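Residues per chain are reported as follows:
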Amino acid sequence: MAPDATPDEPETGAGAPVAPRIVPVTTTLGPLRPTATSGQPADAFVEYCLRLADDRLVLGHRLSEWCGHAPILEEDIALANIALDLIGQAEAFFSVAAEAEGRGRTPDDFAYFRDDVAFRNAMLCELPNGDFGVTIARQFLWTALQVPFTKALSAASHAQLAGAAAKAHKEHVYHLRHAADWVLKLGDGTPESHARVQAALDGLWPYTDELFYADGVDAAVAALVGAPVVTALREDWARTVEAVLRQATLSVPVADWTPAGGRLGRHTEHLGHMLAEMQSLARAHPGAQW
Amino acid sequence: MDAPAAPADSQWPLWEVFTQEAQGAPHEHAGSVHAVDAEQALQNARDVFGRRGKVISLWVVPTEAIVASAPSDAGPFFDPGAEKAYRHPYFYKVPKGIRVY
Amino acid sequence: MYGANVETAADRKAPAPVEDPALLAEFQARIDRGESIEPKDWMPARYRRQLVRMMSQHAHSEIVGMLPEGNWITRAPNLRRKMALIAKVQDEAGHGHYIYCGTETLGVSRDELVDDLLAGRAKYSQIFNYPTLTWADIGVIGWFVDGAAIVNQTVLAKASYGPYARAMIRICKEENFHKRQGFEICAVLSQGTDAQREMLQDAVNRWWWPSLMMFGPSDTDSPNSRDLLAWRIKRFTNDELRQRFVNLTVPQAQAIGVRLPDPDLRYDADTQNWVFGEIDWAEFWAVVNGNGPCNRERLAARNKAHADGAWVRQAATAYAAKRAGAPRDGGSTAAA
């Protein structure tokens with residue numbers, strides 16, 4: 001164990017020959033509380049990057065599950081493109097984290113040799129694909145935030161982080177166009193599609209609250225490199241989402257509960273299964289090259 | 001909601017896709033996509049024909065909007081053009097040693 | 001990826017329509033001059049029928065071919081491999097898409113083609129009815145199956161039907177990376193741990209013979225084959241292409257130290273060919289006729305995706321119908 005690792009951190013290396021995790025995040029049971037970093041800005045910076053990367057890896061993985069099973073051939077191609085963009089973005093943000101961490105971990109170590117409790121993605125990203133309406137609603141709700149978020153992040157003073165964000169921003173603008181077009185078509189399509197996508201939105205809506213979770217990590221990184229704090233973008237997001245839903249003849253759901261915890265490693269049960277599949281081969285052959 | 005009952009299932013209408021690969025280059029026919037409207041045709045064309053990064057501009061046209069000459073038109077349409085030598089610069093003689101644009 | 005050109009008994013029994021001898025002679029002359037045949041040109045009914053059969057089998061193969069490889073997308077062992085595999089499976093969708101569009105120029109709609117596949121009336125390459133059991137299968141499929149595809153598609157790129165040839169040219173360009181990513185996976189595994197080397201050899205053992213079957217049965221005696229060659233729908237016999245593939249692949253296997261599972265494999269210095277053993281055609285026909293290890297699952301997966309997607313396709317159609325005639329906001333006219 002690295003000397004600065006918190007002792008109550010779950011062991012997640014699964015025997016893999018990687019450096020131990022040093023991200024000092026509280027994962028003890030009990031009421032959710034903001035992430036306690038060691039107080040070192042570098043730790044907060046790594047944590048911030050992992051939140052960005054994990055959202056993208058997990059959601060990209062979910063989208064890749066559609067490959068070969070989409071409603072029409074053109075959509076197989078479209079969803080695969082978005083999945084590739086997101087996984088590519090994840091790799092870029094993992095690289096930024098790895099360099100800042102300076103412990104020799106690679107993007108693959110982050111992706112394949114952490115357990116679910118070490119993942120920092122919002123739970124919205126890990127929820128199962130459901131029907132096409134759920135997948136599109138999830139994509140739309142998440143991407144509507146990423147467009148303004150990556151734009152703001154691309155002005156950060158950390159060149160590598162800002163560069164990755166600028167590239168991601170262009171991709172997200174297209175992703176939003178794709179998702180919003182589908183929300184329109186499903187919302188204002190047939191009675192069945194309207195009902196399905198409304199149900200999808202209703203089910204996913206509570207999970208959007210977590211997208212605006214911010215804690216000391218965000219404050220520290222905002223101070224360090226001028227990165228955006230996500231809470232400031234909530235109105236922007238709501239305007240985008242509500243405008244599209246209105247045009248799609250859909251109603252804006254009301255959240256009657258606000259699950260949270262993904263940013264602190266406390267996820268739904270779905271993530272563990274997803275990672276068990278994703279990481280199975282890599283972990284079955286520790287040290288192997290592929 | 002007053003949406004009509006679900007229409008028949010289909011693979012959607014065809015659109016022809018034209019791609020431009022460099023500034024100033026012509027748009028050339030690349031192939032087709034299926035889509036229900038222009039926005040979707042553009043998006044599908046982007047994903048099908050633009051995912052390797054060479055394309056800088058796209059046109060999409062409903063396939064049914066394209067009017068083509070018939071093979072039987074080829075003679076009357078195009079053969080006469082081949083016989084008008086005076087439309088080509090080589091038809092005209094220029095004294096040696098003089099450059100004429 | 002590519003689909004074997006499989007003729008069924010039904011194909012052979014279809015009556016040959018009587019064609020105008022003058023038109024037929026002019027058509028043959030165009031082929032012999034190396035001209036390309038375009039959708040609106042006159043063509044013999046049998047030429048059209050053979051093309052629809054070949055092209056739709058090819059397109060279906062690309063689509064069904066997404067399933068065995070897609071099986072490993074969620075388990076690819078690192079991010080680089082994961083992205084390469086998604087991109088490759090996505091390309092199969094794209095290639096199926098190109099070829100379906102090419103087939104549509106012959107007056108068949110994609111609706112009909114998809115229906116034929118889902119109802120089990122259409123054939124697709126038998127190779128995709130084998131399971132992908134380990135990660136090494138992904139490497140070996142890229143190496144063998146895409147290798148076979150390249151051998152086949154390179155010659156199809158000069159086929160007489162313009163839309164097919166053009167689709168093949170585009171596909172060949174894009175598929176350059178498929179075989180290389182497959183061979184790279186195999187090469188890395190061959191240098192890996194004992195478990196990885198065993199995994200590779202096992203995959204080679206399972207995929208070698210089915211890959212040779214991809215080229216289809218020996219067609220030297222088939223009357224259809226003579227016509228297909230004369231019309232430049234095909235340019236080489238199945239056996240010629242198979243031999244070319246074997247000759248290319250044996251040295252690659254030697255280079256990474258895997259054994260090809262054929263005790264009869266030997267080099268013939270006179271013909272400069274690698275002579276190979278007898279192919280089990282009973283297995284080939286069993287798989288083609290629906291009794292391979294995964295035929296039922298593949299068809300069920302396609303049917304499920306189609307059925308699950310029906311409401312989505314209908315929604316889009318209904319949405320567009322409501323807006324037909326309404327001015328479109330955004331975008332600009334092409335002529336601007």
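Values in this document were obtained by computation on a predicted structure and should not be read as measured data.

**What about the environment of P95 of chain B?**
Relative to the assigned elements, P95 of chain B resides in the segment after α2 (74-82). Along the sequence, P95 of chain B and T63 of chain B sit 32 residues apart, while their C-alpha atoms lie 52 Å from each other.

**Describing the sheet that holds strand β3 (residues 57-62) of chain B**
Residue and element names in this part refer to chain B. One open sheet accounts for 3 strands, arranged β2-β1-β3; its pairing is antiparallel. Strands with a single pairing partner mark the edges of an open sheet, and in this sheet they are β2 (28-34) and β3. Between one strand and the next, the sheet's axes are offset by a mean angle of 30°, whatever the strand orientation. With 6 bridges joining them, strand β1 (residues 14-20) and β3 adopt antiparallel strand pairing.

**A word on the pairing of β1 of chain B**
Residue and element names in this part refer to chain B. The element β1 is largely enclosed, with a buried count of 6 among its 7 residues. Sheet topology note: the β1/β2 ladder contains 6 bridges and is antiparallel. Opposite E16, over in β2, you have S32 as the bridge partner.

**Details of the packing of aromatic side chains**
Each aromatic ring pair is characterised by the separation of its centres together with the angle its planes make. Using the criterion set out here, one finds 27 aromatic pairs over all chains in the structure. Aromatic pair W143 of chain C and F144 of chain C: ring centres 4.6 Å apart, planes at 45°, arrangement tilted. Looking at F144 of chain C, the relative accessible area reads 0%, which means it is buried. Judged by centre distance (6.0 Å) and plane angle (25°), the ring pair of W208 of chain C and F245 of chain C falls under stacked. Of this pair, W208 of chain C sits in helix α8 (residues 194-213) while F245 of chain C sits in helix α10 (residues 238-255); the two residues are 37 residues apart in sequence, bridging distant segments of the chain. Sitting over the face of the ring of Y174 of chain A, R46 of chain B holds its NZ or CZ atom 3.5 Å from the ring centroid. For R244 of chain C, the ring lying beneath its charged end belongs to F236 of chain C, and the centroid distance is 4.7 Å.

**Thoughts on the interface of chain C and chain A**
Tallying the contact residues gives 43 residues for chain C and 47 residues for chain A. Around 4000 Å² of area is buried between chain C and chain A when both sides are counted, 67% of it from carbon and sulfur atoms. Here chain C and chain A share 3 salt bridges between them. Across the pair E74 of chain A and R110 of chain C runs a salt bridge, and its minimum N-O distance is 2.8 Å. In this structure, the connection of chain C to chain A is made through 16 residue pairs in polar contact (both at pLDDT 80 or more). Looking at side-chain class alone, the side of chain C that touches chain A contains 26 nonpolar, 9 polar and 8 charged residues.

**Side note on the nonpolar core**
F140 and L153 of chain A together with Y47 and W135 of chain C are the most contacted members of the largest nonpolar core, which totals 196 residues. If you tally residues by element for this core, the top one is helix α2 (residues 73-101) of chain A, at 15 residues. Once you skip the residues sitting within four places of it in the chain, Y47 of chain C turns out to touch F27, I31, I37, S160, Y161, W231 and I233 of chain C.

**A word on the confidence of the model for chain A**
For chain A, the average pLDDT comes to 89, and 86% of its residues sit at 70 or higher. Below a pLDDT of 50 lies the segment residues 1-32 of chain A, which in the model reaches 73 contacts outside its immediate sequence neighbourhood of four places, other chains included.

**Topic: the pattern of salt bridges**
In total, this model carries 41 salt bridges over all chains according to the counting rule given. Of the charged contacts in the structure, one is a salt bridge between E65 of chain A and R62 of chain A, with a shortest N-O distance of 3.0 Å. Overall, the relative accessible area of 25% leaves E65 of chain A in the partly exposed class. D47 of chain B is the salt-bridge partner of R46 of chain B, the closest N and O atoms lying 2.7 Å from each other. Residue class for R46 of chain B comes out partly exposed when judged on its relative accessible area of 28%. Residue class for D47 of chain B comes out buried when judged on its relative accessible area of 1%. Residues joined in a network through salt bridges with shared partners are E26, R30, R33, E35 and D41 of chain C.

Rules behind the numbers
Residues numbered from 1 in each chain as written. Chains lettered and ligands numbered in written order. Predicted model: local features only at pLDDT ≥ 70, side-chain atom pairs only at ≥ 80, totals over all residues. Heavy atoms only, no water. Helix = DSSP H or I, 4+ residues; strand = E, 2+ residues; numbered from the N terminus. Pairing = 2+ DSSP bridges. Axes fitted to C-alpha atoms, helices over the stretch in contact; angles between N-to-C directions. Buried < 20%, exposed > 50% of the residue type's maximum accessible area, 1.4 Å probe, protein only. Phe/Tyr/Trp six-rings, centres within 6.5 Å; stacked < 30°, edge-to-face > 60°. Lys NZ or Arg CZ within 6 Å of the ring centre and 35° of its normal. Contact = heavy atoms within 4.5 Å. Buried area = accessible area lost by both parts, 1.4 Å probe. Salt bridge = Lys/Arg side-chain N within 4 Å of Asp/Glu carboxyl O. Polar contact = N/O pair within 3.5 Å; in protein donor to acceptor, adjacent residues only side chain to side chain. Nonpolar A, V, L, I, M, F, W, Y, C, P; charged D, E, K, R; others polar. Core = buried A, V, L, I, M, F, W, Y, C linked by side-chain atoms within 4.5 Å. pLDDT = per-residue confidence, 0-100.

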